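# Structural overview for review
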Amino acid sequence: MLRNKSANSTQSNMEQKNNIIFGTEITGDITSDSLLFIQGHVKGNISCSSTVIIGETGKITGDIICIDAEIEGSVQGTIKVENLLCLKSTSNITGNIETVRLSIEEGAQFDGACKMKRIEDNSSPKFIEETVDEIE
C-alpha cells in the first residue's frame, strides 16, 4: 500500500535507488519506498511510493502502481501512475493505463485502454491508497 510521507522522508528515499540489472529475473511482488530502476525481468506486481524506471532491456509481467514512471522496455499488465507516466520510443505496453499526466514518444507501442484521472480543486495528486490486488 502506498502512503503519504513527510517531505524529509520522501527526499531521502529519492536519493536511494534499487537496481535490478540486466540478466536478473525476479519472480514475486516488489514493494519499495525508493526509486526502482529495472533492466532485468520481473514476473510479479510492483508497488512503489516513488518513481519506477523500466530500462530498455527491462520486462515486467505484472501490474505496476507508483507515483511516477518512465518506461523504455516492455510491460504486460495494468499500470497505475499517480502523477506522470512517460512512454519512451522503445516502450511496448500491453495492458491498461491510469494516470494524471501522460507523455508518449513517437515509436512507443501501446495496446490497451487509457484512463486519465483528474486532479480535484487544482491540488497536487495524492498518493494512491490501494494495493495491486485492488486493481482488478
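Above: the structure in question.
Keep in mind it's a predicted model, so treat the numbers as computed, not measured. (Residues numbered from 1 in each chain as written. Predicted model: local features only at pLDDT ≥ 70, side-chain atom pairs only at ≥ 80, totals over all residues. Heavy atoms only, no water.)

## Looking at the overall build of the protein
Check the secondary structure of the protein and you find one helix and 18 strands. Relative to its 136 residues, the protein shows a buried fraction of 43%. The contacts of the protein with a sequence gap of at least 6 include a subset with a gap of at least 24, amounting to 17%. For the protein, the computed accessible surface area is about 7,400 Å², with 44% contributed by carbon and sulfur atoms. (Helix = DSSP H or I, 4+ residues; strand = E, 2+ residues; numbered from the N terminus. Buried < 20%, exposed > 50% of the residue type's maximum accessible area, 1.4 Å probe, protein only. Contact = heavy atoms within 4.5 Å. Areas by Shrake-Rupley, 256 points an atom, 1.4 Å probe, with all protein chains shown as cover.)

## Thoughts on the side chain of Ser49
If you trace the backbone, Ser49 turns up in the loop between β6 (46-48) and β7 (51-54). At 3.0 Å, the side chain of Ser49 forms a polar contact with the side chain of Asp33. (Polar contact = N/O pair within 3.5 Å; in protein donor to acceptor, adjacent residues only side chain to side chain.)

## Re the sheet that holds strand β13 (residues 84-87)
With parallel pairing, the six strands of this open sheet are ordered in space as β1-β4-β7-β10-β13-β16. At either end of the open sheet lies a strand with only one pairing partner, and these are β1 (17-20) and β16 (101-104). Taking the axes of each pair of neighbouring strands and ignoring which way they run, one obtains an average angle of 10 degrees across the sheet. Across three bridges, strand β10 (residues 68-71) lies against β13 in parallel orientation. Following the sheet pairing, Ile71 is matched in β13 by Leu87. (Pairing = 2+ DSSP bridges. Axes fitted to C-alpha atoms, helices over the stretch in contact; angles between N-to-C directions.)

## Overview of the environment of Gly58
Structurally, the position occupied by Gly58 is in the loop between β7 and β8 (59-61). The exposure class of Gly58 is buried, given its relative accessible area of 3%. Between the C-alpha atoms of Gly58 and Ile21, which are 37 residues apart in sequence, the distance is 8.4 Å. Apart from the residues within four sequence positions on either side, Gly58 is in contact with Ile38, Gln39, Gly40, Gly73 and Ser74.

## Side note on the pattern of salt bridges
Here the structure, examined in full by the defined rule, presents four salt bridges. A salt bridge links Glu82 to Lys117, with the nearest nitrogen and oxygen atoms 3.3 Å apart. With a gap of 35 residues between them, Glu82 in the loop between β12 (79-81) and β13 and Lys117 in the segment after β18 (114-116) connect regions that are remote in the sequence. According to the relative accessible area criterion, Glu82 is buried, its value standing at 9%. The residue Lys88 makes a salt bridge to Glu105 at a minimum N-O spacing of 3.5 Å. (Salt bridge = Lys/Arg side-chain N within 4 Å of Asp/Glu carboxyl O.)

## Comments concerning the nonpolar core
Residues Leu36, Ile38, Ile46, Ile60, Ile71, Ile79 and Leu85 are the most contacted members of the largest nonpolar core, which totals 21 residues. Of all the elements in the fold, those that place two or more residues in this core are β4 (35-38), β6, β7, β9 (64-66), β10, β12 and β13. (Core = buried A, V, L, I, M, F, W, Y, C linked by side-chain atoms within 4.5 Å.)

## A word on the sheet that holds β6
Ordered in space as β3-β6-β9-β12-β15-β18, the six strands form an open sheet in which the pairing is parallel. Each edge of the open sheet is held by one strand with a lone partner, namely β3 (30-32) and β18. The mean inter-strand angle of the sheet, taken between neighbouring strand axes irrespective of direction, is 5 degrees. As paired elements, β3 and β6 share three bridges and run parallel to each other. Each bridged residue has a counterpart across the sheet, and for Ile30 the counterpart in β6 is Ile46.

## Some remarks on the pairing of β7
Burial along β7 is two-sided: the face carrying Thr51 and Ile53 and the face carrying Val52 and Ile54 are both buried. Summarising the sheet, β7 and β10 pair through four bridges and their orientation is parallel. Paired with Ile53 across the bridge in β10 is Glu70.

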